[in-house]
Amino acid sequence: MKKDYSSILSTLFILGLLGFIYVTMMPQWTPNEDEPLSEFSTDRAFEKVQAIAQKPHFVGSKNHDLVANYLVNELKQLGLETSVQEGYTLSDWGNLAKSKNILARIKGTDNSKALLLLTHYDSAPHSYSPGASDAGSGIATILEGVRAFLYSKTPHKNDIIILFSDAEELGLNGAALFVTQHQWAKDIGLVLNFEARGSAGPSYMLMETNKGNAELVKEFASAKTTFPVSNSLMYSIYKMLPNDTDLTVFREQGNIQGYNFAFIDDHFNYHTAQDNIQHLNKSTLAHQGKYLMPLLNYFSNADLNNTQASEDYVYFTIPYTFIHYPFSWVFPMTLVALILLIILIFLGKGKRLISFREIGKGFIPLLSSLFASGLITFIGWKLLLLIYPQYNDLLNGFTYNGHSYIAAFVLLSIAIAFAFYNRFSFKKTTMNHFVPPLLIWILINGFFANSLEGAGFLIIPVYFGIFAFAAFVFTQKSNWIFNLICSIPTLFIIAPFIQMFPIGLGLKVLFGSAILTVLAFGLILPVFGAFQRKAIWSLLFFGAALGFFVKAHSESGYEFGKAKSNSLLYVYNANNNTANWITYDTNLDSWTKTYLGENPKTAPAINDTPLFSKYNSGFTYVANAPKKAIQKPTIEFVYDKIIGSQRYLHIRISPNRKVNRYDIFATENMVIHNFKANGAAALGQKGSKYERNGKKLLSYYVVGNEPLEIQFSIAKKSILDMELLESSFDLMTNPLFEMAKRENWMMPTPFVLNDAVVIKQKIKPGQKTVVSKLINPILKDSLTVAKDSLKPKQ
Ligand SMILES: [Zn+2]
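The numbering scheme is per chain: residues are counted from 1 as the chain's sequence reads. Only residues with pLDDT of at least 70 are given local features in this predicted model, and only at 80 or more are side-chain atom pairs given and counted; all residues enter the totals for whole chains, interfaces and linings. Heavy atoms from the whole structure form the basis of all side-chain values; hydrogens and water molecules are not counted.

> How do you make sense of the coordination of the zinc ion when you look at a structure like this?
Each pair of donors in an ideal octahedron of six around a metal sits at 90 or 180 degrees, and each pair in an ideal tetrahedron of four sits at 109.5 degrees. In this structure, His 120 (NE2), Asp 134 (OD), Glu 195 (OE) and Glu 195 (OE) serve as the protein donors to the zinc ion, at separations of 1.8 to 2.6 Å. Note on donors: an N, O or S atom is included if it sits within 2.8 Å of the metal, or within 3.2 Å for Na, K and Ca, and water is never included, so sites can look incomplete. When the donor residues of the zinc ion are listed from N- to C-terminus, their spacing reads H-x13-D-x60-E. Of this pair, Asp 134 sits in helix H4 (residues 132-151) while Glu 195 is found in strand E5 (residues 188-196), placing the two residues 61 residues apart along the sequence. The helix count covers DSSP runs of H or I at least four residues long, the strand count covers runs of E at least two residues long, and both are numbered beginning at the N terminus.

Structure representation (structure tokens):
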């Protein structure tokens, strides 16, 4: 049997091309200390990250003030006049915080709309995150970019406003404060927002629009960034989900649109103590700079009055290139593909190259491998979660060895596809068997054309498949080199999604990658189907998959830098004078067991005050704890009076120790009106009723130990049933507790209240009631709120 060189060459070509796509998706950083001052330097930007990310700097911490001062100084050193905006906002999910926004404005030559450069400087609370990526990288990108821009004395018509927003991590409070209360907000025509949801990988451009994206797409194309990575499928999905970036507040509250630039890989570091400078990928940081510079140059001179559009565009990127066209092309493109395919089938049938019988048989290997790879991956991942229970420890659903699992299951899926095509398909029938994948892809695109038009660009690789099929029908033979060329769009456009889905959505969607792998395999069937020894290729891919499973196994443990997350709270219940240790963990370790013991009780009863957490984590285990002399807060009913059918209340809760957070709960039977917390009404509230989810009234993140003042009214007959949790984030340093240090392979669980000393207490009158003799201030306030709510919204 002669050697099958074409299949070896094809495989090498495909691997080489995938490598090229991977490497050219983003800039590859190399040290360069001599970057001219007129250019963006990643090394200089990195130094800024180092300065910001020395320590956790969440709202209310001492380091938060230090970082704020550092930023004011940095802006001053750029020769900019800086200002600070401070105030309370109560945002969407009842999160109250006093934010301190840091601002600067660079005058342009025209009196035109301004460009806003936006990122946030607070780091995530609860988990000791130094915030190097999130969003130190954004701050550094803007500081270094603006420095280079000013150094070059780039002429610009538009004003450029810099906003380092605060309290993003708590509830986008700083952005809300700016949009609703700062006089500059109405000047802004466009926002560039820099964000992070991991610590590595390419940065994705994600548009935020109220209506259509057409103008934003065209403008982005005109700005000519060198490493664009984005696509309208992400845009369409993003639009369907509830989003929460600072830019969302701009869009919803101010009708101001813009672009987010966010990197999402290495999600396991997000909001953890590992979001530090060691983990921030410098190529990723370089990528942020590669976006900012051309966009700053372009948008500081573009007309920013025309960013609104009603039409939507499809867009996608291939290395160095941003391609776009209107949504209205999506359906015709799909229809034309279908018509072309049908014509070609009948032409081929006329020439006796194609038979319906063989086409029908071609569905067997395709559907079998789709079903098998999807099912095996789905069950496989569930099994792995049983074999390695520690994979459940990381709440974000992407394990430290997650990339190895992606590789393993993708290779396994290719092995499965080769095995089925080896059994059911032969080289001489390949082009007949190519019809089913083409049909399925057209069907999928037809579905997208109807319901997810942003995915419309997925028809393009199908066209190239049709070209390969057409060449076969017209020339009556299959040319492997032409087939290989026709496979390039599949590799460019579809292959990156195979990796992106589980990175973006977690390893639970690995089966989606497996299915997409087989679908992509089908679309380049003219290449793979022509391989002579598919059984051997199947074994090869199976072996490679096995290799990655072994690699994943060898990396399945914890170590420094890939730490296990764990959680512990000390909760003193002042209502019944008891104290407990509580955790959210399902797998206890040596550290948590020090406090919870070997056999702690499960903790359903504690969950009656559900604390908000990103993944709805409930408490798992509880154990008795010693009682400590912790100062309870002072609860004052400053005002409590019935007027007509309503009871008006003003409650002040003042801490008697250094605290960081208050969570206030009220039974769902209490319908609350005219609600204000520290003077702030809920953002975007319509009418006087305070909308809330479940029992939670609000979470207040304390700055400077300022008391919480809540004012509201309830029906006279309503029973006042409220409770508070007062937390200080100092469990590990509080002198009342001598806590053991975590091992170096452990870190605090992010997204949940953690390492805190908590007091749980009913809020009732009688503790200290001061009835004001003066004019009822709440009544006055509530009347103003009621009046405000009648005004049309701007
Ligand atoms: Zn962030």
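> Even after reading the chapter, I still don't get the pattern of salt bridges, so can you show me in this structure?
When the charged atoms of two side chains lie near each other, side chains of opposite charge can form a pair. Any carboxyl oxygen of Asp or Glu within 4 Å of a side-chain nitrogen of Lys or Arg constitutes a salt bridge here. Counted by the stated rule, this structure contains 22 salt bridges. The partner of Asp 187 in a salt bridge is Lys 186, and the shortest N-O contact between them spans 3.9 Å. The closest approach of N and O atoms between Arg 742 and Asp 755, which form a salt bridge, is 2.8 Å. On the criterion of sequence distance, the pair formed by Arg 742 in the loop between strand E21 (722-728) and strand E22 (746-748) and Asp 755 in the loop between E22 and strand E23 (756-763) is long-range, its members being 13 residues apart. Note on accessibility: Arg 742 and Asp 755 belong to one class, buried. Sharing partners across several salt bridges, the network here consists of Arg 105, Lys 107, Asp 159, Lys 186 and Asp 187. Only protein chains enter the area calculation, which uses a 1.4 Å probe; residues under 20% of their type maximum are buried, those over 50% are exposed, and those in between are partly exposed.

> Mind showing me how you'd approach the confidence of the model for the protein here?
Should the pLDDT be low somewhere, the predicted coordinates at that spot are not to be read in detail. Model confidence for the protein is summarised by a mean pLDDT of 92, while 94% of its residues fall at 70 or above. Every residue in residues 769-794 scores below 50 in pLDDT, and together they form 27 contacts with partners more than four places removed in sequence or on other chains. Here pLDDT means the predictor's own confidence in every residue, given as a number from 0 to 100. It only takes one pair of heavy atoms within 4.5 Å for two residues to be counted as in contact.

> What is the right way to read the packing of aromatic side chains from this model?
What characterises a pair of aromatic rings is the spacing of the ring centres plus the angle enclosed by the ring planes. A pair of Phe, Tyr and Trp rings is counted when the ring centres sit within 6.5 Å of each other, with Trp represented by its six-membered ring. The angle between the planes then sorts it: under 30 degrees is stacked, over 60 is edge-to-face, the rest tilted. For the structure on display, the rule yields 49 aromatic pairs. Among the aromatic residues, those joined into a ring-pair cluster are Phe 194, Phe 220, Tyr 235, Tyr 259, Phe 261, Tyr 291, Tyr 298, Phe 299, Tyr 315 and Phe 322. The rule is short: NZ of Lys or CZ of Arg within 6 Å of the ring centre and within 35 degrees of the ring normal puts a charge over the ring. The ring of Phe 737 has Lys 628 lying over it, and the distance from NZ or CZ to the ring centre is 5.3 Å. Cation over ring: Arg 742 sits above Trp 591, and NZ or CZ is 4.0 Å from the ring centre.

> Please clarify how the environment of Ala 455 should be interpreted in this entry.
As for its placement among the helices and strands, Ala 455 is situated in the loop between helix H15 (435-451) and helix H16 (459-475). Owing to a relative accessible area of 0%, Ala 455 belongs among the buried residues under this scheme. In sequence terms Ala 455 and Phe 316 are 139 residues apart; their C-alpha atoms lie 9.2 Å from each other. Contact partners of Ala 455, with chain neighbours within four places excluded, come to Leu 233, Asn 445 and Phe 448.

> When you look at the packing of helix H2 (residues 42-52) against helix H3 (residues 62-77) in this model, what are you seeing that I'm missing?
Here the axes come from fitting lines to C-alpha atoms, over the contacting stretch only for helices, and the angles between their N-to-C directions go from 0 to 180 degrees. As a packed pair, H2 and H3 sit with axes 10 Å apart at the nearest point and diverge in direction by 150°. Taken together, the axes of H2 and H3 lie roughly antiparallel to each other. Two secondary-structure elements touch here, H2 through Lys 48, Ala 51 and Ile 52 and H3 through Val 67, Tyr 70, Leu 71 and Glu 74. Among the residues making up the contact of H2 with H3, the classes are represented as five nonpolar, no polar and two charged. For classification purposes, an angle smaller than 35 degrees is called roughly parallel, one larger than 145 roughly antiparallel, one from 65 to 115 roughly perpendicular, and anything else oblique. All residues other than Ala, Val, Leu, Ile, Met, Phe, Trp, Tyr, Cys, Pro, Asp, Glu, Lys and Arg, Gly among them, are scored as polar; the first ten of these are nonpolar and the last four charged.

> Would you explain the nonpolar core in this entry?
Most often, soluble globular proteins keep nonpolar side chains buried together rather than apart. We call a set of buried Ala, Val, Leu, Ile, Met, Phe, Trp, Tyr and Cys residues a nonpolar core when their side-chain atoms join them within 4.5 Å. In terms of nonpolar packing, the biggest core is built from 155 residues, with Leu 117, Ile 162, Phe 164, Leu 192, Tyr 259, Phe 457 and Phe 469 touching the most fellow members. Apart from the residues lying within four places of it in its own chain, the contact partners of Leu 192 are Leu 115, Leu 116, Leu 117, Leu 118, Tyr 259, Phe 261, Leu 292, Leu 295 and Phe 299. With 31 residues, the next largest nonpolar core counts Ile 635, Tyr 662, Tyr 700 and Ile 714 among its residues.

> How do you make sense of helix H9 (residues 246-254) when you look at a structure like this?
Because the α-helix completes a turn every 3.6 residues, residues three or four places apart line up on one side. For H9, the complete set of buried residues consists of Asp 246, Leu 247, Thr 248, Val 249, Phe 250 and Arg 251. Within two residues after H9, Asn 255 carries a phi angle of roughly 50°, on the positive side.

> Even after reading the chapter, I still don't get the side chain of Thr 377, so can you show me in this structure?
Take Thr 377: it is sitting in helix H12 (residues 356-387). Using a relative accessible area of 1% as the deciding quantity, one classes Thr 377 as buried. When residues no more than four places from it in sequence are discounted, the contact partners of Thr 377 are Phe 409, Ser 413, Leu 510, Phe 511 and Ala 514.

> What's the story with the sheet that holds strand E16 (residues 646-654) in this structure? I'm lost.
Hydrogen bonds between backbone groups are what pair the strands of a sheet, and the pairing can be parallel or antiparallel. For two strands to count as paired, DSSP must find a minimum of two bridges between them. Here four strands make up an open sheet; going across it, the order is E15-E16-E20-E18 and the pairing antiparallel. Looking at strand neighbours, the two that pair on one side only are strand E15 (634-643) and strand E18 (673-677), the edges of this open sheet. Taking each pair of neighbouring strands and ignoring which way they run, the sheet shows an average axis angle of 10°.

> Would you mind showing me how to read unusual backbone geometry here?
Residues apart from glycine generally show negative phi values, whereas peptide bonds are mostly found in trans. A cis geometry characterises the amide bond from Asp 134 onward to Ala 135, with omega recorded as -5°. Within the secondary structure layout, Ala 135 lies in helix H4. Here the phi dihedral of Lys 153 falls at roughly 50°; this positive angle occurs in a residue that is not glycine. Within the fold, Lys 153 resides in the loop between H4 and strand E4 (160-165). Positioned with a positive phi, Asp 755 is a non-glycine residue whose angle comes to about 50°.

> Honestly, helix H10 (residues 282-299) in this entry has me stumped. Any pointers?
The span one expects for a helix is its residue count, reduced by one, times 1.5 Å. Taking 1.5 Å as the rise per residue, H10 with 18 residues should run 26 Å; its terminal C-alpha atoms sit 26 Å apart, in good agreement. For H10, the buried fraction is high: 14 of the 18 residues fall into the buried class. N or O atoms closer than or at 3.5 Å make up a polar contact, with two conditions inside protein: a donor-capable atom paired with an acceptor-capable one, and, for residues adjacent in sequence, both atoms drawn from side chains. Sitting at the amino-terminal end of H10 is Asn 281, which places a side-chain oxygen 2.8 Å from the backbone nitrogen of Ser 283.

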